Amino acid sequence: MRRLAGLLLLIGAAIVVAGPTPPARADNPIVQTVYTADPAPLVYDGRVYLYTGHDEDNSTYFTMKEWRVYSSADMVNWTDHGSPMSLATFSWASANAWAGQVVNRNGRFYWYVPVTNRATGRMAIGVGVSSSPTGPFTDAIGRPLVENNEIDPTVFIDDNGQAYLYWGNPNLWYVRLNTDMISYSGGVTQIPLTTSGFGTRTGNASRPTLYEEGPWVYKRNGLYYNVFAAKCCSEFIGYSTAPGPTGPWTYRGTVMPTQGGSFTNHAGVVDFNGGSYFFYHNGALPGGGGYTRSVAVEKFSYNADGTIPTITMTSGGAPQVGTLDPYVRQEAETIAWETGVETEPSSEGGMNVGWIENNDSIKVKGVAFGGGATSFTARVASATSGGRIELHVDGVNGPLVGTCTVAGTGGWQSWTSVTCPVSGATGTHDLYLKFAGGSGNLFNVNWWQFTGGGGSGGGNLLVNGTAESGTSGWSMFGSGTLSASGTAHGGSQSLLVTGRTAAWNGAAQDVTGKLVSGRTYSASAWVRSASGTPSAKVMLAVTAGGTTSYVQLAPATAVNAGGWTQLSGTASVSWTGTLTGATFYVETTAGTDNFYLDDASLQIS
């Protein structure tokens, strides 16, 4: 999709070119690097994970070969996690990586998707499984879970633990899933599509109700909701409610009218951080349409009686939840809006931003610089002569607060870190990374981070949090051995923790002289198991007045040997009496599995 998002910005900028600082542009659609469709949001561990399909460029049909994952902690800056599952995941599938949904149960993530069964030529529902919300996913059963040539699975787990799989076009079906989430009990049941339950369609005797496809079933305040695509074509989003998970359903009306340049639509609804969010797709990007769609989101509030208001597509999108912390490592592929760039898998793990040309840019929204940043570091690679990263605030041509020069590194995946001074970055602003240089591709960017702070913000309180200086600054909390490893999340080194004899043993740092009672601290650490799938968490042991208390800085999160997992969170830290010891450390909730630690940070929020 090279240059399409950039073209959109240029069109918008044409009316303000005379001004020195163009206004910050809107943030819908939320992904601009590729065409995305069929959003399926999942709230997990303080983030919204968004699972989508991928419309291929220049498609003239629903040409889809893979699924993609994005995540956000603030609903505006979305991190691209790439494609952890594709048609190749299912050896029995031949085509059509269409709309699916992910649910979390028993510490595992199950991705239900429709694909064409090579043996029968019919659409069937497969199941991918992973120990991480970002994958990689593998085929859970090696065959279809269910097959009747219909599509669009959605899964709902009721309060009593019973899980249901719904799907269908032109009909609507369900099965009761077993607790293993990859088998079901009883038969396949068809839900009666009555006009009282799903509205009345006119002009099509074979489809008397409005229900078309794409069900999304959930429960709120004891009421069951089924939000679905209605009346092809073009579709709108309608919904029905019921007193139970299998009905009887009552049609309630329109959620989102027909609009947006795509003749299909597909909804996903979640609650996050006290708000309700409605995901959908449209054809809003340049080149967009019915086969080249883009996912967007709106925040909404239910009516007092539980009904859903009519929601209109906007270019503004949802408001930001909180702010973004520039003093911890941020992935370059965490983006509110971009012009021109694309993403790709990085040799250092995760994704990186690439195909950067002169005047391309990335917007990161609501960056909290606090008392002021003093320097900026970026992880970069270039097979050419490089270029520059210009740091602007409040607009792509807004005030310039720093410029980093990037030299050639000898390859697009030959990484090095560059640092430059920063001045004038205080308070909270939108940050623009504007790229400059000669012709052609300039360089790639893997991650970035500011240092400095003061006021309400601050830099990393940990020494050698990136582990690039080996074990310097680190020790073991309890028993075990700490060593440097070349298995790195960022840079060239990480810490390897081995020989633990208890779950609480882990890599640690003394931060006694760096804490202030009554302040809130944010922590981040990237962890990868050497074997097994333990759950890891970030802790703080605080000793004051002769008593030691333990503060959980980042909640327990399952980690695995297949990739890196970020642990992140915030906590208030207080004590009474004289502080005599404070230790930051990473532990597991159980067991003594060996694990790697990289890119750790602790800072005042």
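Residues numbered from 1 in each chain as written. Predicted model: local features only at pLDDT ≥ 70, side-chain atom pairs only at ≥ 80, totals over all residues. Heavy atoms only, no water.

Applying the stated rule across the entire model yields 37 aromatic pairs. Their ring planes at 55 degrees and their centres at 6.4 Å tell us that Y44 and Y49 sit as a pair that is tilted. When sorted by exposure, Y44 lands in the same class as Y49, which is buried. An angle of 70 degrees between the planes, with centres 6.0 Å apart, marks the rings of F198 and Y211 as edge-to-face. Note that F198 is positioned in helix α2 (residues 195-198) and Y211 in strand β16 (residues 211-220), a separation of 13 residues in sequence. Judged by its relative accessible area of 1%, F198 is buried. Every member of this aromatic cluster is reached through a ring pair, and the members are Y51, W67, F90, W92, W111 and F137. Its guanidinium or amino end placed over the ring of Y302, R220 lies 3.8 Å from that ring's centre, counting from NZ or CZ. (Phe/Tyr/Trp six-rings, centres within 6.5 Å; stacked < 30°, edge-to-face > 60°. Buried < 20%, exposed > 50% of the residue type's maximum accessible area, 1.4 Å probe, protein only. Helix = DSSP H or I, 4+ residues; strand = E, 2+ residues; numbered from the N terminus. Lys NZ or Arg CZ within 6 Å of the ring centre and 35° of its normal.)

Under the criterion given, the structure shown has 2 disulfides. At a sulfur-sulfur separation of 1.4 Å, the disulfide partner of C232 is C233. Judged by relative accessible area, C233 falls into the exposed class, the value being 51%. The disulfide that involves C404 links it to C420, with 2.1 Å between the sulfurs. Torsion about the S-S bond of the C404 and C420 cystine: about -100 degrees, corresponding to left-handed handedness. Taken as a pair, C404 in strand β31 (residues 400-406) and C420 in strand β32 (residues 411-421) lie far apart in primary sequence, 16 residues in all. Both residues of the pair, C404 and C420, count as buried. Counting its disulfide-bonded cysteines in sequence order, the protein chain shows a connectivity of 1-2, 3-4. (Disulfide = S-S within 2.5 Å.)

This brings us to the nonpolar core. Counting residues in each nonpolar core, the largest one holds 45 residues, and the members touching the most others are Y51, W111, V227, F278 and I308. Membership of the second largest hydrophobic core comes to 37 residues, among which are V497, A523, V538 and A600. (Core = buried A, V, L, I, M, F, W, Y, C linked by side-chain atoms within 4.5 Å.)

In space, the 5 strands of this open sheet follow the order β35-β38-β43-β40-β41, with antiparallel pairing throughout. Each of the sheet's edge strands pairs with one partner strand only, and the pair in question is β35 (475-477) and β41 (547-558). Between one strand and the next, the sheet's axes are offset by a mean angle of 30 degrees, whatever the strand orientation. Bridging between β35 and strand β38 (residues 506-510) involves 3 bridges; their strand directions are antiparallel. When the bridges of β38 are listed, M476 appears paired with A507. (Pairing = 2+ DSSP bridges. Axes fitted to C-alpha atoms, helices over the stretch in contact; angles between N-to-C directions.)

Turning our eyes to something else, we now look at the confidence of the model for the protein chain. Mean pLDDT over the protein chain stands at 92; residues scoring 70 or higher make up 95%. Note on residues 2-25: pLDDT under 50 across the span, and 41 contacts to partners over four residues away in sequence or across chains. (pLDDT = per-residue confidence, 0-100. Contact = heavy atoms within 4.5 Å.)

Topologically, Y521 is positioned in strand β39 (residues 519-529). Placed 167 residues apart in sequence, Y521 and G354 show a C-alpha to C-alpha distance of 33 Å. When residues no more than four places from it in sequence are discounted, the contact partners of Y521 are L461, K514, L515, V516, G569, T570, A571, V573, L602, Q603, I604 and S605. Polar side-chain contacts of Y521 include one of 2.6 Å to the backbone nitrogen of V516. (Polar contact = N/O pair within 3.5 Å; in protein donor to acceptor, adjacent residues only side chain to side chain.)

On to the side chain of K365, then. When you line up the elements, K365 lands in strand β28 (residues 361-368). Overall, K365 belongs to the buried group, its relative accessible area being 19%. Apart from residues no more than four positions distant in its own chain, K365 is found in contact with D27, V76, N77, Q320, L324, A336 and D430.

Reading across from one edge, β20-β21-β22 is the order of the 3 strands in this open sheet, with antiparallel pairing throughout. Sheet topology places β20 (268-272) and β22 (294-300) at the edges, where each strand pairs with a single neighbour. For this sheet the average axis-to-axis angle between neighbouring strands, irrespective of direction, equals 30 degrees. Bridge count for β20 against strand β21 (residues 275-282) is 5 bridges, and the pairing is antiparallel. Pairing of D271 across the sheet is with S276, part of β21.

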